[in-house]
Amino acid sequence: MKRFLVIIITIFLSLSSQAQSYYTLCEDTCQHIHGIDISHYQGNVFWETVGNNSKMYYVYLKATEGGDLIDAKYEQNIQLAHRYGLKVGSYHFYRAKTPQEVQLRNFMAQCRPGEQDLIPMIDVETKSGLSNEVFRDSLSKFLSLVEKKYKQKPLIYTGANFYDHILSGGMLDEYLIMIAQYTDYEPKLIDGRDITMWQYTGKGRLNGVNGYIDKSRFMGNHKLREIRFRHH
């Protein structure tokens, strides 16, 4: 019995080790295109070191949140990320109770088209206490405003559970989506729709960044060109 328990524990530790190393191994061996997202939470980033990492092809930077919050590191991050050769996009954290036009002005003041390599991304994580119907209507109006101003549809970031319970059923069918799900298996959504990108960990590590970092990759045959900013 004792020997049997030792075998079981050994197998469990082996599987745990494999799960922990999966993403590092994938970055080393798989053909998927990987990237990161950065905000002020990461503090001062050593962008020269990040830029030398041949496995990270893109970065999304937090620009704004709601109607008046501007990420304290955005301006510094976007200038240095460009300087050291990364493909850069910017994102806005959506607050559904704040008027859409106010949020758009806040975002556009920071996310200037001439500085973007990648389409804008809208971070959708909370209903702000609204009903599903009111929230979906609010979000749809905001996404339409973003598309009108930037002349292209934004990328939508959200969690798998949030999507399944709040956003499924067709309202985002015309949008590319990045799904956050921190598991060792690829996400599948309740309505079966295609996923462009997968944020697979919120506890990644990367030389040049202190602490944890969000890492993502493209799914299937999706490529970086799909999210390139179109300069009109």
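Predicted model, so just to flag it, every value in this text is computed and none were measured.

## Details of unusual backbone geometry
Peptide bonds are trans in most cases, and residues, glycine excluded, mostly fall at negative phi. In the Ramachandran plot, Ser-128 falls in the positive-phi region, its phi being about 60 degrees despite a non-glycine side chain. Position of Ser-128 relative to the elements: it lies in the loop between β5 (121-123) and α5 (132-150). Taking relative accessible area as the criterion, Ser-128 reaches 18% and is therefore assigned buried. For Lys-151, which is not glycine, the phi torsion reads 60 degrees and is therefore positive.

## Regarding the environment of Met-108
Counting through the fold element by element, Met-108 comes out in helix α4 (residues 100-110). Dropping the residues within four chain positions of it, Met-108 is found in contact with Lys-149 and Tyr-150.

## Regarding α5
The first and last C-alpha atoms of α5 sit 27 Å apart over 19 residues, in line with the 27 Å expected at 1.5 Å per residue. Every buried residue belonging to α5 is among Phe-135, Ser-138, Leu-139, Phe-142, Leu-143, Val-146 and Tyr-150, and all of these are buried. Summarising the axial view, the buried residues of α5 lie within an arc of 130 degrees, below the 170-degree limit, and thus occupy one face. Residues of α5 that are exposed and point over 90 degrees away from its buried face: Glu-133 and Lys-148. Along its buried surface, α5 packs onto β4 (87-93), α4, β5, β6 (155-159) and α6 (160-167). Just beyond α5, the residue with positive phi is Lys-151, at close to 60 degrees.

## Notes on the layout of surface pockets
In this approach a probe as big as a water molecule rolls over the atoms, and the regions it shows empty are the leftover space. The calculated volume of the largest pocket comes to roughly 350 Å³. Counting residues per element, the ones that place at least two in the lining of the largest pocket are β1 (34-38), β2 (56-65), β4, β5, β8 (197-204) and β9 (213-218). Looking at the lining of the largest pocket, its residues break down into nine nonpolar, four polar and six charged.

## A word on the confidence of the model for the protein chain
Low-pLDDT stretches of the model should not have their predicted coordinates read in fine detail. Taken residue by residue, the protein chain gives an average pLDDT of 90. The fraction at 70 or more is 87%. With pLDDT under 50 throughout, residues 4-25 is counted as low confidence; its partners more than four residues away or in other chains account for seven contacts.

## Some thoughts on the pairing of β2
Burial runs high along β2: nine of the 10 residues are buried. Pairing geometry for β1 and β2, over five bridges, is parallel. Paired with Asp-37 across the strands is Tyr-60, a residue of β2. Here seven bridges tie β2 to β4, and the two strands are oriented parallel to one another. Note on β4: the bridge partner recorded for Tyr-60 is Gly-89. Sheet analysis places β2 next to strand β3 (residues 69-70), joined by two bridges and oriented antiparallel. From the neighbouring strand, Glu-65 faces β3, where its bridge partner is Leu-69. Counting the residues that bridge the hairpin from β2 to β3 gives three residues, and of these Gly-66 lies at a positive phi of roughly 60 degrees.

About the cut-offs
Residues numbered from 1 in each chain as written. Predicted model: local features only at pLDDT ≥ 70, side-chain atom pairs only at ≥ 80, totals over all residues. Heavy atoms only, no water. Helix = DSSP H or I, 4+ residues; strand = E, 2+ residues; numbered from the N terminus. Buried < 20%, exposed > 50% of the residue type's maximum accessible area, 1.4 Å probe, protein only. Contact = heavy atoms within 4.5 Å. Expected span 1.5 Å × (residues − 1). Arc of directions from axis to C-beta. 1 Å grid on protein atoms, 1.4 Å probe; cavity = no way out; pocket = protein on both sides within 12 Å on 5 of 7 lines; lining within 4 Å. Points joined across faces, edges and corners; volume = space filled by probe spheres on them. Nonpolar A, V, L, I, M, F, W, Y, C, P; charged D, E, K, R; others polar. pLDDT = per-residue confidence, 0-100. Pairing = 2+ DSSP bridges.

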